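# Remarks on the overall topology
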Amino acid sequence: MGIHGGMASLTLLRGQRAIDASTLAVLKQMPKLAKLCFRLMRIIRIRPPETCQLQKCTAAGTGMHCLASVQVGNLAEKQHPQQTQVITSYDNQGTQLTVEVHPRDAMPQLLKKFSLAKRLQGDKNGNTRPRQPGAKDAHVYPWDRSSLKSMPLDLQEFEKLDTYASQVTVKSGLDELVSDLLQEAHSDLERVRVIWIWICHHIEYDIEAAQEKDRQAFKPTDILRTQKTNCDGYAGLFEKMCRIAGVQCMTVPGYSKGFGYQTGQSFSGEFDHAWNAVYLEGRWHLLDSTWGSGLVDSATSKFTFLYNEFYFLTHPALFIEDHFPDNKNWQLLKPPQSLKQFENNMYHKSEFYNKGMLSAHPETSVIKTVNGKATVTIESCAPTLFMFMLNGKQEHGLLSLRKNGMKLDIYPPTVGTHKLQIFAKGKSDIYSSVLEYTLKCNYVDIGVRLPAELHQPVGPSWFSEQMGIMKPSHPDPIIHTSDGRCSVSFSVEEGISVLASLHGDEGPITEETQRRYIFQTQREKRAELKVQLPQAGKFALKIFVKKRLEPGNYVFVFNYLLCCTNTKVNWPMFPESFGNWGQDNELLEPLSGVLPANRNVPFKLKLHGIAKALVKGQDTWPLTLNREGYWEGSCNTAGCQEVYVMVLENANHNFYSYILKYKVNAQ
């Protein structure tokens with residue numbers, strides 16, 4: 001064993017029966033190192049000298065760092081040909097032991113790979129400490145959209161490692177736990193990863209401890225025993241485990257926009273959070289195992305394990321959105337942000353980026369309405385479903401989907417301060433909160449009040465195409481009509497059935513009448529919805545679809561906002577249709593569901609696959625088929641309260657089916 005400039009180099013040969021006197025003398029000066037060496041010797045079957053008693057080695061650790069190069073004989077070469085293993089241990093007093101196990105004839109690489117001049121800095125007293133962040137650690141601000149991570153990562157390569165780490169259990173103490181975790185880790189990055197995964201899947205956030213006025217310090221042994229801690233405990237445990245694994249790690253205190261954060265709040269006084277920085281591949285990187293492990297329900301104040309990949313080696317330009325360190329150098333940004341900027345900048349939650357969002361406007365967390373309206377837009381890297389809530393309700397807004405994002409126009413119903421939340425669905429079936437704004441409204445435009453039943457999204461989009469509705473006649477979400485009538489059409493994918501309903505806030509509209517102001521026809525693969533409004537106002541025209549051959553209910557796809565300011569509008573309902581009214585049928589007249597009394601009323605319809613058709617009131621009037629394929633005729637409404645259109649589908653049968661029903665005005 002030789003000492004070289006503060007480093008000790010130890011070479012042990014398999015089959016060696018004892019250690020020479022000079023080596024033993026050094027080990028007696030370094031009891032922690034001696035213990036680690038003898039443990040290693042037992043592993044590779046080197047017998048320690050009987051004269052060496054560890055309990056007699058009473059000298060304190062010197063802080064010296066040892067590089068041990070262990071040459072393995074023929075047996076190991078047969079089992080692991082040309083394979084090199086590196087084992088590193090690092091305690092909290094600065095003693096680091098790095099062991100390289102390699103074939104007998106291979107050249108040790110430790111002196112090259114673990115150059116302490118590069119990894120550690122010394123102070124004037126000769127003590128070592130991790131290198132402080134510098135210019136080469138800094139990333140450009142704002143975010144360049146290149147990656148969510150601060151270094152290139154392929155998360156799929158971690159799948160087996162993550163599974164292994166999440167299943168490791170605590171047997172005795174922290175050293176053994178780290179040793180077990182490192183069995184499958186072969187680089188500093190993998191060592192950090194297994195520690196991160198284990199903590200995120202096994203340590204629960206201690207809410208009671210976090211809410212105490214004086215945050216208590218958690219010892220690693222206590223954390224392993226209870227498997228609960230606060231943010232200081234998470235960060236301290238992570239740092240301790242990294243040091244044992246031989247990876248440089250620092251705990252970084254600061255302010256955070258976490259549990260209990262209110263949009264737009266200011267920060268002062270004691271720091272409320274702690275996280276970590278790790279040194280990988282010549283550069284510092286940031287992570288937060290507290291937030292990676294799960295979340296706290298603001299309503300119940302209960303913690304739930306919910307792994308969050310976002311906070312592992314997060315890009316510093318994104319990390320700064322909810323983490324402000326006590327030392328600006330730990331922002332790892334150029335230029336660094338001020339506390340005022342941190343307070344005022346828009347807070348994009350981690351799910352904003354996890355679900356593929358890129359940017360949002362406005363970029364401030366507090367929005368002031370202009371003429372009673374505020375607009376929010378989001379850009380995403382893929383088509384995404386969104387929804388919003390204003391003061392906890394999905395009302396007072398128009399949300400339209402775009403191929404790469406969405407646009408939301410919001411109209412607060414009252415003057416004052418409002419809470420606006422925006423949710424995104426992404427690839428999962430769950431909507432997650434991605435943005436939160438404080439809305440300040442000083443004026444309300446009563447003329448733009450929206451129907452309570454107007455759901456999201458408004459207008460056709462990529463989603464309606466995905467659901468089988470294409471090439472709409474009205475691509476915009478709002479339809480204005482001066483006479484209270486409009487016709488909307490679109491192509492329908494084969495095998496898809498369409499259902500529509502009309503909803504307004506004025507007057508009693510029952511579930512039946514919601515559909516009676518719409519008359520639906522279909523020609524070939526194109527559906528048409530004829531709409532007549534019962535009065536002036538704003539209405540939601542909802543569109544639903546269903547696959548004909550599949551069981552279940554119709555699914556809401558989108559709606560239009562219909563607007564009419566003509567106070568003279570008072571259209572009656574369309575006639576009631578029955579199950580035998582085919583979607584391919586066409587009604588030309590009469591379109592009104594209410595017929596005048598004591599009048600001759602003409603009928604003209606296109607009906608498919610029938611033998612005979614007639615109109616039945618007080619008497620019966622047959623309809624005849626003309627050259628254009630329409631059934632025509634007329635009836636007299638004298639003495640009638642109701643009039644029916646009936647068809648005979650098979651000429652060999654005598655059973656007529658009802659397809660349309662009209663009411664007759666009272667005399």
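Residues numbered from 1 in each chain as written. Predicted model: local features only at pLDDT ≥ 70, side-chain atom pairs only at ≥ 80, totals over all residues. Heavy atoms only, no water.

### Some words on the overall build of the chain
Helix and strand content of the chain: 17 helices and 42 strands. The buried share among the 667 residues of the chain stands at 48%. (Helix = DSSP H or I, 4+ residues; strand = E, 2+ residues; numbered from the N terminus. Buried < 20%, exposed > 50% of the residue type's maximum accessible area, 1.4 Å probe, protein only.)

### What about the nonpolar core?
Core analysis: the largest hydrophobic core is formed by 120 residues, its most contacted members being F238, M241, I422, L541 and L562. Among the elements that take part in this core, helix α8 (residues 188-202) stands out by supplying nine residues, more than any other. Aside from chain neighbours lying at most four places away, what touches L562 is I479, C486, L502, V531, L533, G537, K538, F539 and L541. (Core = buried A, V, L, I, M, F, W, Y, C linked by side-chain atoms within 4.5 Å. Contact = heavy atoms within 4.5 Å.)

### What about the environment of Y517?
Looking at where Y517 falls in the secondary structure, it is placed in the loop between α17 (513-516) and β30 (518-523). Between the C-alpha atom of Y517 and that of L502, which follows or precedes it by 15 residues, the distance is 7.0 Å. If we skip the residues at most four places from it in the chain, Y517 touches L502, K530, V531, Q532, P534, W571, P572, M573 and F574.

### What about helix α6 (residues 159-167)?
Among all positions in α6, only L161, D162 and A165 are buried. Considered in projection along α6, the buried side chains sweep an arc of 100° and stay on one side of the axis. Among the exposed residues of α6, those oriented more than 90 degrees off its buried face are K160 and Q167. Structurally, α6 contributes buried residues whose contacts are with α7 (174-181) and α8. (Arc of directions from axis to C-beta.)

### Brief notes about the sheet that holds strand β22 (residues 397-402)
As summarised here, the arrangement of the four strands in space is β18-β20-β23-β22, forming an open sheet in which the pairing is antiparallel. Two strands bound the open sheet, and with one partner strand each, they are β18 (357-361) and β22. Taken over all neighbouring pairs, the strand axes of this sheet differ in orientation by 15° on average, direction set aside. Relative to strand β20 (residues 374-380), β18 runs antiparallel, the two sharing four bridges. The residue of β20 that forms the bridge with M357 is S380. (Pairing = 2+ DSSP bridges. Axes fitted to C-alpha atoms, helices over the stretch in contact; angles between N-to-C directions.)

### Brief notes about the sheet that holds strand β13 (residues 283-287)
Overall, antiparallel pairing links the four strands, which are arranged β13-β12-β11-β16 in an open sheet. Two strands lie at the open edges of the sheet, namely β13 and β16 (323-325), each paired on one side alone. The average angle at which neighbouring strand axes cross in this sheet is 45°, direction not considered. Strands β11 (249-256), β12 (273-280) and β13 of the sheet are contacted by helix α11 (residues 231-244), whose axis makes an angle of about 20° with β12.

### A look at α11
Between its first and last C-alpha atoms α11 spans 20 Å; for 14 residues at 1.5 Å apiece the expected length is 20 Å, and the two agree. In terms of burial, α11 is a largely internal element, 11 of the 14 residues being buried. Among the residues making up α11, those that are buried are C231, G233, Y234, A235, L237, F238, E239, M241, C242, R243 and I244. The N-terminus of α11 is capped by N230, whose side-chain oxygen sits 3.3 Å from the backbone nitrogen of D232. (Expected span 1.5 Å × (residues − 1). Polar contact = N/O pair within 3.5 Å; in protein donor to acceptor, adjacent residues only side chain to side chain.)

### Comments concerning unusual backbone geometry
A cis geometry characterises the amide bond from Y141 onward to P142, with omega recorded as 5°. Position of P142 relative to the elements: it lies in the loop between β8 (139-140) and α6. In this chain, H361 is followed by P362 through a cis amide linkage whose omega measures 5°. Residue position: P362 is located in the loop between β18 and β19 (366-368). Positioned with a positive phi, L313 is a non-glycine residue whose angle comes to about 50°. Following the sequence through the fold, L313 ends up in the loop between β15 (303-305) and α13 (316-319).

### Section: the confidence of the model for the chain
Taken residue by residue, the chain gives an average pLDDT of 84. The fraction at 70 or more is 79%. Of the regions scoring below 50 in pLDDT, residues 1-9 engages in 27 contacts with residues more than four places distant in sequence or in other chains. In this model residues 107-127 is a low-confidence stretch, pLDDT under 50, and it forms 39 contacts with partners more than four residues away in sequence or in other chains. (pLDDT = per-residue confidence, 0-100.)

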